[in-house]
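Listed here are the chains, written in short residue letters.
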Amino acid sequence: GAQVIEIDGKKEVSQAMRELLFAVGLSLFLIFIILYLQFGSMVHSFIIMLAIPFGLVGVLLSLYLFDSTLSLNSGLGFILLSGIACAHSIMLVEMILTKKKAGCSAYDAVIETVRERIRPILITSITTILGMFPIALGVGEGGKVLQPLGIAVCGGLWISLLFSLFIIPALEYSYLLREEKR
């Protein structure tokens, strides 16, 4: 009897993981479609979405460092993180493009945008991390169940934040410079 329940449990977890992977893939596809419709450019859409893989690196690194597991909850944390990472990148790219259309050089558009957007991006990231911190610590009854979600969001958001603030503007600058030379 116990062995049958264990096998059924493994099947259910395996099925749930497949469904989660499908959900992640679908969410990434939908994010890309929305970005493409908004910006009308595959390049800008891909630049924005590059924050997501770096967030995943942060998730995996933090799960490893805190000896946690890749689970349904950490997968849900990654989906949450993907939305936050994209939001930060969208704020940066949209303002860079607005400043560029207003006549700024690529360099000035990037520098002014980072100066103006660093504070809101830092505040939203830090408040999210602090809000998820008790979950990452596993505080409370049943806290260990949700702990991978908290670790995934907190760890992934740090890496994604650094990427968004440094790499996204640099890539956008590089692309805009190339466009200016044409």
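Details of the structure are given in the entry above.
Residues numbered from 1 in each chain as written. Predicted model: local features only at pLDDT ≥ 70, side-chain atom pairs only at ≥ 80, totals over all residues. Heavy atoms only, no water.

## Observations regarding the packing of helix α5 (residues 106-137) against helix α6 (residues 143-181)
At a minimum axis separation of 8 Å, α5 and α6 run at an interaxial angle of 175 degrees. Taken together, the axes of α5 and α6 are roughly antiparallel relative to one another. When grouped by side-chain class, the residues that make up the contact of α5 with α6 number 26 nonpolar, five polar and two charged. (Axes fitted to C-alpha atoms, helices over the stretch in contact; angles between N-to-C directions. Helix = DSSP H or I, 4+ residues; strand = E, 2+ residues; numbered from the N terminus. Parallel < 35°, antiparallel > 145°, perpendicular 65-115°, else oblique. Nonpolar A, V, L, I, M, F, W, Y, C, P; charged D, E, K, R; others polar.)

## Quick look at the packing of aromatic side chains
The description of two aromatic rings rests on the distance between their centres and on the angle between their planes. Summed over the entire model, instances satisfying the criterion amount to four aromatic pairs. Between the aromatic rings of Phe 32 and Tyr 36, the centroid separation amounts to 6.4 Å while the plane-to-plane angle is 20 degrees, which identifies the pairing as stacked. Placement of the pair is Phe 32 and Tyr 36 together in helix α1 (residues 2-39), with a separation of four residues, close to one helical turn. Ring geometry for Phe 54 against Phe 163: centres 4.0 Å apart, planes inclined by 15 degrees, an arrangement best described as stacked. Within this pair, whereas Phe 54 is found in helix α3 (residues 51-65), its partner Phe 163 is found in helix α6, the two being separated by 109 residues in sequence. A connected cluster of aromatic rings, assembled from ring pairs, spans Phe 32, Tyr 36 and Phe 46. (Phe/Tyr/Trp six-rings, centres within 6.5 Å; stacked < 30°, edge-to-face > 60°.)

## Focus on the state of the cysteines
Across all of its chains, the model carries zero disulfides by this definition. Considering cysteine sulfurs only, Cys 154 is the nearest to Cys 86, which forms no disulfide, with 19 Å between them. Cys 86 gets classed as buried once you look at its relative accessible area, which sits at 4%. (Disulfide = S-S within 2.5 Å. Buried < 20%, exposed > 50% of the residue type's maximum accessible area, 1.4 Å probe, protein only.)

## Focus: the pattern of salt bridges
Enumeration according to the criterion identifies three salt bridges in this entry. The shortest N-O distance in the salt bridge between Lys 99 and Glu 116 comes to 3.1 Å. Of the two residues, Lys 99 sits in helix α4 (residues 72-101) while Glu 116 sits in helix α5, which places them 17 residues apart along the sequence. One network of salt bridges, in which partners are shared, links Lys 99, Glu 112 and Glu 116. (Salt bridge = Lys/Arg side-chain N within 4 Å of Asp/Glu carboxyl O.)

## A closer look at the nonpolar core
Formed by 39 residues in total, the largest nonpolar core has its most connected members in Phe 39, Ile 48, Val 59, Phe 78, Val 93 and Ile 168. For this core, the secondary-structure elements that each account for two or more residues are α1, α2 (42-49), α3, α4, α5 and α6. In terms of residue count, α6 provides more of this core than any other element does, twelve residues in total. Sequence-distant contacts of Phe 39, that is, excluding residues within four places in its chain, are made with His 44, Ile 48, Ile 90, Val 93, Glu 94 and Leu 97. (Core = buried A, V, L, I, M, F, W, Y, C linked by side-chain atoms within 4.5 Å. Contact = heavy atoms within 4.5 Å.)

## Quick look at the packing of α2 against α3
Viewed as axis vectors pointing N to C, α2 and α3 meet at an angle of 15 degrees, and their least axial separation amounts to 5 Å. One finds that α2 runs roughly parallel with respect to α3. Along the contact surface, α2 presents Ile 47, Ile 48 and Met 49, while α3 presents Ala 51, Ile 52 and Pro 53. When the residues that make up the contact of α2 with α3 are grouped by side-chain class, the tally is six nonpolar, no polar and no charged.

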